[in-house]
Amino acid sequence: MPAEIHNTMRPRALVTGAAGGLGREVAIQLARRGCAVAIADINGEGLVETALQIRDIGAETETITGDFTREGAPEEAVEKVLARWGGIDILVNNAGYGVIEPFLDATFKAWTRTLALNVTALAMACKAAGRVMREQRSGRIVNITSPGSRMALPDYTAYTASKAGVDSITRAAAVALAPYGVLVNSLAPGMMDTEMQRSTEADLARANGRNDLQAFLDERTRRIPLGRRAEISEVAEAVVWLCLDSPDYMTAERLNMSGGLDKD
Ligand SMILES: NC(=O)c1ccc[n+]([C@@H]2O[C@H](COP(=O)([O-])OP(=O)(O)OC[C@H]3O[C@@H](n4cnc5c(N)ncnc54)[C@H](O)[C@@H]3O)[C@@H](O)[C@H]2O)c1
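Given the structure is predicted, the values throughout are model-derived calculations rather than measurements. (Residues numbered from 1 in each chain as written. Predicted model: local features only at pLDDT ≥ 70, side-chain atom pairs only at ≥ 80, totals over all residues. Heavy atoms only, no water.)

(A) Quick peek at the pairing of strand E3 (residues 61-65). With 5 bridges connecting them, strand E2 (residues 36-41) and E3 associate as parallel partners. What sits directly across from Ala38, in E3, is Glu62. (Pairing = 2+ DSSP bridges. Helix = DSSP H or I, 4+ residues; strand = E, 2+ residues; numbered from the N terminus.)

This is the structure we're talking about:
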């Protein structure tokens, strides 16, 4: 176990967007590894299910329900973790939003909502957890980005621009927190069949005038060099590795888990 986490018998983690998909799986895997895990999401019902699964493992959990784009919400979530466990060792910024919208039909609403969650709330969460980690002289932050952050996707530009923002925040936060031994990295998942991915690809097919959804999905899968979509569990394993196991000298890194779709 790396030095940052050594001094904590039971690392204390906050995972955002943990009501389902990748966030739920990360929260469960962290709990299996002995972490106390706070889970945040706008979807209260999904959080209840995640909390049940964490308690089944025998781990402690704290549920934080609400819209992370509300001013102050990310800071309050970190405060709740502090109030419950006295510190925070791991932050996984996983909550994400995106909507298919052709570039020339861009709306203020879609751009504002996307950037508010993927960029502003993520930055505020990094700041709030980073301040505590600075005092602790330890901690790890993992931001979930996307291969899209480096692609030209004219039907999904607000999302890809927001994920380029995630990459930028990761680099800045890593440098800001490096003097205190706090590590900040990001991970770019490939195509995972989560709720978000399913509805996004259905909308993308419609925007492209395709009504043969399965054929459209198969074509997209064939573009992945490894020839298959990512399992949520294998992507979560890589997130957990960054949270608990990656070397102490690794910060400001963007880890690819996209089957070769994104290339460094
Ligand atoms: N699924 C993929 O193929 C894929 C690919 C690349 C990146 N990602 C990224 O992975 C992360 C997880 O996505 P997922 O695929 O598990 O999707 P998901 O929809 O299952 O998870 C996103 C979670 O964020 C929550 N959320 C949305 N708006 C919120 C808000 N305002 N406040 C609080 N919570 C909010 C949702 O309720 C949901 O539980 C996202 O950051 C996404 O951009 C996913």
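(B) Molecular detail of the state of the cysteines. Taken as a whole and judged by the stated rule, the model has 0 disulfides. This cysteine, Cys35, is not joined by any disulfide, and Cys243 carries the nearest cysteine sulfur, 7.6 Å off. Judged by its relative accessible area of 0%, Cys243 is buried. (Disulfide = S-S within 2.5 Å. Buried < 20%, exposed > 50% of the residue type's maximum accessible area, 1.4 Å probe, protein only.)

(C) View of the domain arrangement of the chain. When its domains are assigned, the chain resolves into domain 1 (3-190 + 231-256) and domain 2 (192-229). Here the C-alpha centre of domain 2 lies 25 Å away from the C-alpha centre of domain 1. The interface of domain 1 with domain 2 comprises 15 residues on the first partner and 11 residues on the second. For the pairing of domain 1 and domain 2, the buried interface totals around 940 Å² over both sides, and the portion due to carbon and sulfur atoms is 67%. Residue Glu234 is joined to Arg228 by a salt bridge in which the shortest nitrogen-to-oxygen separation is 2.7 Å. Our count for the domain 1 to domain 2 interface comes out at 2 residue pairs in polar contact (both at pLDDT 80 or more). Of all elements in the fold, only helix H2 (21-32) and helix H9 (232-245) reach the threshold of two or more residues within the side of domain 1 that touches domain 2. Element by element, the count of residues in the side of domain 1 that touches domain 2 is highest for H9, at 3 residues. Broken down by class, the residue content of the side of domain 1 that touches domain 2 amounts to 8 nonpolar, 4 polar and 3 charged. (Domains from an automatic or database assignment. Contact = heavy atoms within 4.5 Å. Buried area = accessible area lost by both parts, 1.4 Å probe. Salt bridge = Lys/Arg side-chain N within 4 Å of Asp/Glu carboxyl O. Polar contact = N/O pair within 3.5 Å; in protein donor to acceptor, adjacent residues only side chain to side chain. Nonpolar A, V, L, I, M, F, W, Y, C, P; charged D, E, K, R; others polar.)

(D) Region of the structure containing the sheet that holds strand E6 (residues 183-189). Strands sit in the order E3-E2-E1-E4-E5-E6-E7 across an open sheet of 7 strands; the sheet is parallel. Taken across any chain shown, the strands that pair with only one partner, and hence form the sheet edges, are E3 and strand E7 (254-257). The sheet shows a mean angle of 15 degrees between the axes of neighbouring strands, direction not considered. In the sheet, strand E5 (residues 140-144) pairs with E6 via 5 bridges, with the strands oriented parallel. Its bridge partner lying in E6, Ile144 is registered against Leu187. Its contacts with the sheet place helix H3 (residues 44-57) against E2 and E3, and it is angled at close to 175 degrees to E3. (Axes fitted to C-alpha atoms, helices over the stretch in contact; angles between N-to-C directions.)

(E) Structural detail: the layout of surface pockets. Of the volumes computed, that of the second largest pocket is approximately 160 Å³. Together, Ala123, Cys126, Lys127, Gly130, Arg131, Arg134, Ile169, Ala173, Ala176, Leu177 and Tyr180 line the second largest pocket. For the lining of the second largest pocket, the secondary structure elements donating two or more residues are helix H5 (108-136) and helix H6 (157-177). Considering each element in turn, the lining of the second largest pocket owes the most residues, 6 residues, to H5. Residues belonging to the lining of the second largest pocket are distributed by class as follows: 7 nonpolar, 1 polar and 3 charged. (1 Å grid on protein atoms, 1.4 Å probe; cavity = no way out; pocket = protein on both sides within 12 Å on 5 of 7 lines; lining within 4 Å. Points joined across faces, edges and corners; volume = space filled by probe spheres on them.)

(F) Expanded view of the site of the ligand. Neighbouring residues of the ligand: 27 residues in total, closest Asp41, Asp67, Asn94, Tyr159 and Thr194. At 2.8 Å from an oxygen atom of the ligand is found a main-chain nitrogen or oxygen belonging to Asn94. Considered class by class, the residues forming the shell around the ligand number 12 nonpolar, 12 polar and 3 charged. When residues of the shell around the ligand are assigned to domains, at least three map to each of domain 1 (3-190 + 231-256) and domain 2 (192-229). (Near = heavy atom within 4 Å.)

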